Amino acid sequence: MNTTQHNHADTESEVLPGGGHTSFILRRGQVLRITDTTGGANVSLMMLNAAEKSDRLNLPDTLKAQHTAKLTTGHCLYSDMGRVLVAIVADTCGWHDSFGGVLNAAETLEKYGQGRYQELRNGFYRNGTDNLLVEMGKWDLNLQDLLMTLNLFSKVTVDEEGHFHFERDYSRPGSYIELYAPLDVLVIMTALQHPMDPATEYAPRPVSLSFREADAPAALLSCTEIRAENARALINTTQFCRHGAPL
C-alpha cells in the first residue's frame, strides 16, 4: 500500500489485505477506525510522534499509568515523553494485546514452513519484522528504530503462574477499534497472525481502514474520566502541539 497522509474531512476507507503493511500520518483531530472484516484478524501496530520521531509508543508506561494489562475504550497510548499518541474512543472487541510482538523471518519459517515468492508469487509468507521495516524505511527509520507493537483484535491472558494464553478467533467479523489522534502521529502497521496463535497454517486476514474528523472534547471524554493520568498526559500533548510541533 502507498504511504499516505490523511487530510480529508470526509470519511474515506481502504483495505489492508492479510499479510499486507502500510504507514501514514494520522492528522491531529482525526479518527482512524480499523475493522476486522472477516473475524480472527490481528494487526501489529507501531506509532511515533510525527513531528518528533524520538517520541515513540511506550507500552509499559501505557499499561502502568492506566493500571491495566489490556487496552480498550477509554485508554490512551502513551509515548516515551508522557504524551498521548492516540486515544481509544470506541472498541467493540474489548481486548487488545500488548505482550505478543511480531515474528521475524526465521520464526515464520519455523512455524509455517517454506513459502517462497518463487512458487507463491504475491502469496509468499511474510513476517512482521520485515513488513514493519519496509514501511519504516519510507520514513528514514531502520532496525534500531523498531518498536514494541500493540496487537489489535487479539486476546492474551496471563494465568497465576505467569503463563500466557492466546484465545483463538477472539475477534468477530465486523469488530472495530477507533483511535483518535490529539497530535500528528505516524502509524505503521501490518496484518499478520499473532505470534502466539497456535494455528500452523499461514492465513493472515484482512482489515479495513477508514478516516474521519472528530470533535476533540467529545472524543476524549471517556479517556479523561477513566484515569486522571490521561487528563494530565493530554495537557502535556496540547502544550507540545502549541509550542513544540510545526503544525
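Up top is the structure these notes are about.
Residues numbered from 1 in each chain as written. Predicted model: local features only at pLDDT ≥ 70, side-chain atom pairs only at ≥ 80, totals over all residues. Heavy atoms only, no water.

Enquirer: Would you mind going over the packing of aromatic side chains with me for this structure?
Expert: By convention here, two paired aromatic rings are described through the distance between centres and the angle between planes. Within this structure, the stated rule accounts for five aromatic pairs. Aromatic pair F99 and F164: ring centres 5.3 Å apart, planes at 35°, arrangement tilted. With F99 in the loop between strand 7 (84–91) and helix 2 (105–112) and F164 in strand 10 (residues 164–167), the pair connects residues that are 65 residues apart, well separated along the chain. Ring geometry for Y117 versus F124: centroids 6.0 Å apart, planes at 75°, classification edge-to-face. (Phe/Tyr/Trp six-rings, centres within 6.5 Å; stacked < 30°, edge-to-face > 60°. Helix = DSSP H or I, 4+ residues; strand = E, 2+ residues; numbered from the N terminus.)

Enquirer: Even after reading the chapter, I still don't get the environment of H96, so can you show me in this structure?
Expert: In this structure, H96 sits in the loop between strand 7 and helix 2. Among the residues examined, H96 registers a relative accessible area of 0% and is labelled buried. Sequence spacing of H96 and N42 is 54 residues, and the spatial spacing of their C-alpha atoms is 9.4 Å. (Buried < 20%, exposed > 50% of the residue type's maximum accessible area, 1.4 Å probe, protein only.)

Enquirer: Any chance you could explain helix 2 here in plain terms?
Expert: At 3.6 residues per turn, the α-helix brings residues three or four places apart onto the same side. Burial in helix 2 covers these residues: T108, K111 and Y112. Down the axis of helix 2, the buried side of the element spans an arc of 75°, and every buried residue falls inside it. Across from the buried face of helix 2, at angles greater than 90 degrees, the exposed residues are A106 and E110. At the N-terminal boundary of helix 2, the capping side chain belongs to N104, with an oxygen 3.2 Å from the backbone nitrogen of A106. Downstream of helix 2 by one or two residues, G113 has phi in the positive range, about 85°. (Arc of directions from axis to C-beta. Polar contact = N/O pair within 3.5 Å; in protein donor to acceptor, adjacent residues only side chain to side chain.)

Enquirer: Would you mind showing me how to read unusual backbone geometry here?
Expert: Excluding glycine, residues mostly have negative phi values, and the peptide bonds linking residues are mostly trans. Of note, F153 is a non-glycine position whose phi angle comes to about 75°, a positive value. Mapping F153 onto the fold places it in the loop between strand 8 (150–152) and strand 9 (155–158). Judged by relative accessible area, which is 2%, F153 ranks as buried. One non-glycine residue, D169, lies in positive phi territory at about 50°. Note that D169 resides in the loop between strand 10 and strand 11 (175–180). On the basis of relative accessible area, D169 is assigned to the partly exposed category, the value being 37%.

Enquirer: Looking at this structure, I do not really get the sheet that holds strand 11. What am I missing?
Expert: The strand order across the open sheet formed by six strands is 2-13-4-11-7-6, and the pairing between neighbours is antiparallel. With one partner strand each, in any of the chains shown, strand 2 (12–16) and strand 6 (76–78) form the two edges of the open sheet. Each strand of the sheet is rotated relative to its neighbour by a mean of 25°, with strand direction disregarded. Both strand 4 (residues 30–36) and strand 11 contribute to a ladder of six bridges, which runs antiparallel. The partner of L32 across the bridge, within strand 11, is L179. Sheet strands touched by helix 5 (residues 216–226): strand 6, strand 7 and strand 11. Its angle to strand 7, the strand with the most contacts, is close to 85°. (Pairing = 2+ DSSP bridges. Axes fitted to C-alpha atoms, helices over the stretch in contact; angles between N-to-C directions. Contact = heavy atoms within 4.5 Å.)

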